[in-house]
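Summary of the model geometry
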Amino acid sequence: MRTVSSLLLLLPALAWAGGSNYTVSPGISTPSGKVTEWMVPTPKFARDPAAAPDGKIYIAVMHGNKLARFDPATQKFDEWDLPNGTRPHGLVVDERGTVWMTGNGNGTLLEIPFRDGQPGTMIAHKTPSGGSPHTIIFDGKDALWFTNQSADKVTRFERSARKMTEFSSRDGPYGLAMDKGGNVWFCQASGQRVGRIDAATGKVSEIDLGSGSLPRRIAVAPDNTLWVVRYGDGKLTHIDAATAKLIKSYDMPAGAPGNPYAVTVDGAGKVWANEIGTDTVTLFDPATEKFRVFSLPTKNEGIRKMIVDAKGRLWYMGSHSGKLGVVE
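Conventions used here
Residues numbered from 1 in each chain as written. Predicted model: local features only at pLDDT ≥ 70, side-chain atom pairs only at ≥ 80, totals over all residues. Heavy atoms only, no water. Pairing = 2+ DSSP bridges. Helix = DSSP H or I, 4+ residues; strand = E, 2+ residues; numbered from the N terminus. Axes fitted to C-alpha atoms, helices over the stretch in contact; angles between N-to-C directions. Salt bridge = Lys/Arg side-chain N within 4 Å of Asp/Glu carboxyl O. Buried < 20%, exposed > 50% of the residue type's maximum accessible area, 1.4 Å probe, protein only.

What follows deals with the sheet that holds strand β12 (residues 133–138). Taken in spatial order, the four strands of this open sheet run β12-β13-β14-β15, and their pairing is antiparallel. Both outer strands of the open sheet, β12 and β15 (163–168), are each paired with one neighbouring strand and no more. Geometrically, the sheet is characterised by an average inter-axis angle of 20° between neighbouring strands, direction not taken into account. Sheet topology note: the strand β13 (residues 143–148)/strand β14 (residues 153–158) ladder contains six bridges and is antiparallel. Paired with N148 across the two strands is K153, which belongs to β14.

Here it is, written out as structure tokens:
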């Protein structure tokens, strides 16, 4: 395993896409309020959708141990079995069309190359600390970053060198994002802090959001600010990435009972956040500081992650309902 100093010398020039997907740049959301849902083939806690460069949506089917793919053009699903014990959690699709999945059940990073629309040989890269790999992002060039919740680590994997480097955390690192300077930010979901890994030094620092905040996920806006949803107290917090300072916190429409869980940002800097406790998704406009609320057609959806695709559509996966949904 490389030292932090030698690793950081290899940091590539960042191809930044923002939001919560780091290959496909999010479009601008102009929702009419139309919501459409499709039942996934294996409704066994499917989660964490990711947009591919070709517009298809990939999904981790955690309890079914499968990778699913949805084609919005044909409205049809494909599905593939994963190596035994993978229990996939998060995934991202790189610029080559390769799917990278966190093996929450067996402490792996799973590499799935695709050719002519079909998966090739899958490679499971073992994490140094084992644990339960969680949320994953791509830096747009060479590195995959993922949180490892039970091991209290954040891990960087270099595609070219096939090397992993771990950074220590606490309180169950969960959602993560990367700012325009290459600094990695992550939520400590069972605590009250947001962590930051400095791109120049590898030093880990923290911002305290207060007791009971339970920050869950984080996303980066085009202006290089960050948005954090706080599952514990029902707030949406705005952070300046350049200064690592809090800007302002907002009460979500449903308040603490809403238990905000997922967050992402569109190409204009508007913030999508869901309230898992009330089956609603909200669109927040920082310019007016107003929320627009969308009620979902299915109760007990259980949304854990959302993404904005290149057309500005919001995609979500209802882990409890087994339904993939889009707000357009």
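And the narrative resumes.
Here we come to the sheet that holds strand β16 (residues 173–178). The strand order across the open sheet formed by four strands is β16-β17-β18-β19, and the pairing between neighbours is antiparallel. A single partner strand is all that each edge strand has here, and the edge strands are β16 and β19 (204–208). Across this sheet, the average inter-strand angle for adjacent strands is 25°, counted without regard to direction. Taken together, the five bridges between strand β18 (residues 193–197) and β19 define a ladder with antiparallel strand orientation. Counted as the bridge partner of R196 is S205 from β19.

Tallying each qualifying case throughout the model produces 20 salt bridges. The shortest N-O distance in the salt bridge between D48 and R217 comes to 3.4 Å. Of the two residues, D48 is situated in strand β2 (residues 46–51) and R217 in strand β20 (residues 215–220); the sequence distance between them amounts to 169 residues. Note that K248 and E289 form a salt bridge whose closest N and O atoms lie 3.2 Å from each other. Placement of the pair is K248 in strand β23 (residues 245–251) and E289 in the loop between β26 (280–285) and β27 (290–295), with a sequence separation of 41 residues. Shared partners join several salt bridges into a network, and the residues in it are D94, E95, R96, D142 and R159.

Further remarks concern unusual backbone geometry. Positive phi values are uncommon outside glycine, yet N65 reaches one of about 55°. Structurally, the position occupied by N65 is in the loop between β3 (57–61) and β4 (66–71). According to the relative accessible area criterion, N65 is buried, its value standing at 15%. With a phi angle near 55°, D152 is a residue other than glycine that sits in the positive phi range.

Okay, the pairing of strand β6 (residues 88–93) next. For a regular strand, side chains alternate in direction, first toward one face of the sheet and then toward the other. β6 sits mainly inside the fold: six of its six residues count as buried. Looking at chain direction, β6 and strand β7 (residues 99–103) are connected through four bridges and run antiparallel. In the sheet register, L91 faces β7, and the bridge partner there is M101. Hairpin connection of β6 to β7: five residues between the antiparallel strands, including G97 at a positive phi of 90°.

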